[in-house]
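# Reading the structure
Letter by letter, the chains look like this.
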2 protein chains.
Amino acid sequence: MTVTRLDIDLDRSSPVPLYFQLAERIAEAIQNGELPSGTRLDNEVQLADQLGLSRPTVRQAIQYLVDKGLLVRKRGVGTQVVHGQVKRAVELTSLYDDLRRAGQQPETRVLSIDTVPAEEDVAGVLGVAPGTPVLRLERIRYASGEPLALLQNWLPAGVASLTAEALQARGLYELLRSAGVRMRVANQRIGARTATPAEARLLEERRGCPLLTMVRTTYDDQGRAVEHGSHVYRASHYALEVTLVER
Amino acid sequence: MTVTRLDIDLDRSSPVPLYFQLAERIAEAIQNGELPSGTRLDNEVQLADQLGLSRPTVRQAIQYLVDKGLLVRKRGVGTQVVHGQVKRAVELTSLYDDLRRAGQQPETRVLSIDTVPAEEDVAGVLGVAPGTPVLRLERIRYASGEPLALLQNWLPAGVASLTAEALQARGLYELLRSAGVRMRVANQRIGARTATPAEARLLEERRGCPLLTMVRTTYDDQGRAVEHGSHVYRASHYALEVTLVER
DNA sequence: GTGAATAATTTGTCAAGACATACTTACTTA
DNA sequence: TAAGTAAGTATGTCTTGACAAATTATTCAC
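Everything numeric here is computed off the predicted structure, so don't read it as measured data. (Residues numbered from 1 in each chain as written. Chains lettered and ligands numbered in written order. Predicted model: local features only at pLDDT ≥ 70, side-chain atom pairs only at ≥ 80, totals over all residues. Heavy atoms only, no water.)

## A closer look at the overall build of chain A
Each helix and strand in chain A was counted, giving 8 helices and 9 strands. A compact globule built from 247 residues would reach a C-alpha radius of gyration of about 18 Å, whereas chain A, at 23 Å, exceeds it by more than 25%. On the principal axes, the C-alpha backbone points of chain A span a range of 65 × 40 × 30 Å. Within the span of chain A, comprising 247 residues, buried residues form 47% of the whole. Pairs at least 24 residues apart make up 58% of the contacts formed inside chain A by residues separated by at least 6 positions. For chain A, the accessible surface area stands at approximately 12,100 Å², while carbon and sulfur atoms represent 48% of it. (Helix = DSSP H or I, 4+ residues; strand = E, 2+ residues; numbered from the N terminus. Rg over C-alpha atoms; globule rule 2.2 N^0.38 Å. Buried < 20%, exposed > 50% of the residue type's maximum accessible area, 1.4 Å probe, protein only. Contact = heavy atoms within 4.5 Å. Areas by Shrake-Rupley, 256 points an atom, 1.4 Å probe, with all protein chains shown as cover.)

This is how it looks when you write it as structure tokens:
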């Protein structure tokens, strides 16, 4: 088990916390091969000494990376780099963000954007009375010029001012964040079913083709529902990829 | 904004760390309504004083619950209980665990369990040479007496000794854990497609019915692949529910 | 009465230090 | 030579203390 010495510069005048700078530097070293899989880091006490940091600060940096699945720690043994198998962490992101990150050029066509009275099921999940006006969005998402998904979303009135133009240029979550909405928790249900004729037509697929479905309700940091979405994806063109990390 | 006083007993002779005892007590109070949604906790300094703990210990307990999505903190303001919308955290669990937790009685029928030469794609993900002997499992999972999913799994030789009897009584992950395998990271791909005639027959569905698919490769804490699975679920009977929490 | 500045409040970061626990290695004994 | 014990190693937990940064409330000046 080899221990690799690492060259780490910390900028003490930077507003970026020291523990975070250290975590990023270690992550970078893992990413670029300076710290290959299986490598053992110097022990915490040594690292703290070398870096001129307190041990709890070093621990905080390491814990951050342990939580991300990049490092593993064992009492009495030390801290080691995990195999670089973490591909995509679980995150609260929208399809638009996902596609952009994957290098695909997402495009959006807004079919409709209106205020409608909330039906019983939507009212229930949004925490409003049935019949309360809510904003309903209906869109098609394209990737590489092909239709990929049909997106229906409902938002309580007043959460954010959304226009078709904005929705075409940016993802919904990005717009909500810009509007100061602090999304925190989302309950998500993933399933599958066959496409209705209308859906098949919009998605340019044959009737009865398999769809991956996702129903999601998102809450802000006060626990208020800020968005409910029902999305269907062409299973022939899209699959959900995610990495689970055991704490 | 009301602050609720909480009765908390800590057992200092217990081997359970103090921060964890505190975290559990707070979580319990949130669960049973003593700490309703929106409640503000006493500030960290006060809590530490009242409980006879150091502030970093209190912080560690709170951070644990923040990571779980139960609490939210804001500098200059305080710590507050998030709305109780967290339903099911993202975890590294097997379908067996999930069904049992959901109160459904999972049953397993082992179709086959053999050592076979690894095909190119399986060899690739398991990190062995093509043709290397690997253990292949083929099972049907039932819930409430109905077929729910077809499960194919491949494990490198020597990871664990598995028998049909054991697989019928317990979930695969449970058996791996009992064998000392420390699963840490899993890459997962969720999609949908239509059932082949053979699949439809085994699942007691009509031909071409929609299936929810999940392909997953699981790695241990040393980064070694310990299992690769390809599972298909009756979309009419199963959907994947999960809660995403933004850090 | 309104706006800007200041003070109070609370979390976020960091340090130094000590002891406990789990794991590994080396040494001793039969 | 094998098994048991002791020592060494490294993370886990906890304490005390101090300062920084963000948010909210209060005060002061116009």
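## Quick look at the protein's contact with DNA strand C
Neighbouring DNA strand C are 25 residues, the closest being L18(A), S54(A), T57(A), R75(A) and R55(B). Protein-adjacent atoms of DNA strand C, using a 4 Å cutoff, are sugar or phosphate at a proportion of 72%. G76(B) is positioned such that a nitrogen or oxygen atom in its backbone is 2.9 Å from a base oxygen of DNA strand C. Taking T79(B), its side chain carries an N or O atom lying 3.5 Å from a phosphate oxygen of DNA strand C. (Near = heavy atom within 4 Å. Polar contact = N/O pair within 3.5 Å; in protein donor to acceptor, adjacent residues only side chain to side chain.)

## Some points on the packing of aromatic side chains
Residue and element names in this part refer to chain A. Tallied over the full model, the rule gives 6 aromatic pairs over all chains. The interplanar angle of 20° and the centroid separation of 4.7 Å between the aromatic rings of Y233 and Y238 together place this pair among those described as stacked. Ring pairs connect the aromatic residues Y19, F20 and Y64, which therefore count as one cluster. (Phe/Tyr/Trp six-rings, centres within 6.5 Å; stacked < 30°, edge-to-face > 60°.)

## So, the side chain of R141(B)
All names here are of chain B. Looking at where R141 falls in the secondary structure, it is placed in strand β4 (residues 133-143). Since its relative accessible area comes to 2%, R141 is described here as buried. Residue contacts for R141: discarding those within four places in its chain leaves L95, Y96, L99, P106, E107, T108, E146, P147, L148, A149 and L151.

## What to know about the pairing of strand β8 (residues 225-234) of chain A
Residue and element names in this part refer to chain A. For β8, a buried count of 9 out of 10 residues is recorded, marking the element as mostly surrounded by other parts of the structure. The pairing of strand β5 (residues 146-156) with β8 spans 6 bridges and is classified as antiparallel. Within the sheet, the bridge partner assigned to W154 lies in β8 and is H228. The sheet contact formed by strand β7 (residues 210-220) and β8 spans 9 bridges and is antiparallel. Residue L211 lies in a different strand from β8, and its bridge partner there is R234. (Pairing = 2+ DSSP bridges.)

## What to know about the protein's contact with DNA strand D
Around DNA strand D, the surrounding shell holds 25 residues, and the nearest of these are R55(A), L18(B), S54(B), T57(B) and R75(B). Each atom of DNA strand D within 4 Å of the protein was classed as base or backbone; sugar and phosphate made up 70%. At a separation of 3.3 Å, a base nitrogen of DNA strand D approaches a polar backbone atom of G76(A). At a separation of 2.8 Å, a phosphate oxygen of DNA strand D approaches a polar side-chain atom of S54(B). Looking at the surface near DNA strand D, the element that brings in the most residues is helix α3 (residues 55-67) of chain B, giving 4 residues. Considered class by class, the residues forming the surface near DNA strand D number 7 nonpolar, 9 polar and 9 charged. (Nonpolar A, V, L, I, M, F, W, Y, C, P; charged D, E, K, R; others polar.)

## A word on the domain arrangement of chain A
Here chain A is described as being made up of domain 1 (18-81) and domain 2 (95-234). Here the C-alpha centre of domain 2 of chain A lies 39 Å away from the C-alpha centre of domain 1 of chain A. (Domains from an automatic or database assignment.)

## With respect to the side chain of T79(B)
As for its placement among the helices and strands, T79(B) is situated in strand β2 (residues 78-81). Residues in contact with T79(B), not counting those within four places in the same chain, are T39(B), R40(B), L41(B), I62(B), L71(B), V72(B) and R73(B).

## Here we look at the sheet that holds strand β3 (residues 106-117) of chain A
The 7 strands are arranged β3(A)-β4(A)-β5(A)-β8(A)-β7(A)-β6(A)-β9(B) in an open sheet whose pairing can be described as antiparallel. With one partner strand each, in any of the chains shown, β3 of chain A together with β9 (240-245) of chain B form the two edges of the open sheet. Between one strand and the next, the sheet's axes are offset by a mean angle of 15°, whatever the strand orientation. (Axes fitted to C-alpha atoms, helices over the stretch in contact; angles between N-to-C directions.)

## Quick notes on unusual backbone geometry
In this structure, E204(A) takes a positive phi of about 60° despite not being glycine. Relative to the assigned elements, E204(A) resides in the loop between α8 (197-203) and β7.

## Considerations on the pattern of salt bridges
Note on pairing: side chains with opposite charge can pair once their charged atoms come close. Residue and element names in this part refer to chain A. The final tally for this structure, using the stated rule, is 22 salt bridges over all chains. Residues R25 and E34 are paired through a salt bridge, measuring 3.1 Å at the closest nitrogen-oxygen approach. A relative accessible area of 16% places R25 in the buried class. For E174, the salt bridge goes to R170, with nearest N and O atoms at 3.1 Å. By relative accessible area, which is 21% here, E174 ends up partly exposed. One salt-bridge network, in which partners are shared between bridges, spans E44, R55, R59 and R73. (Salt bridge = Lys/Arg side-chain N within 4 Å of Asp/Glu carboxyl O.)

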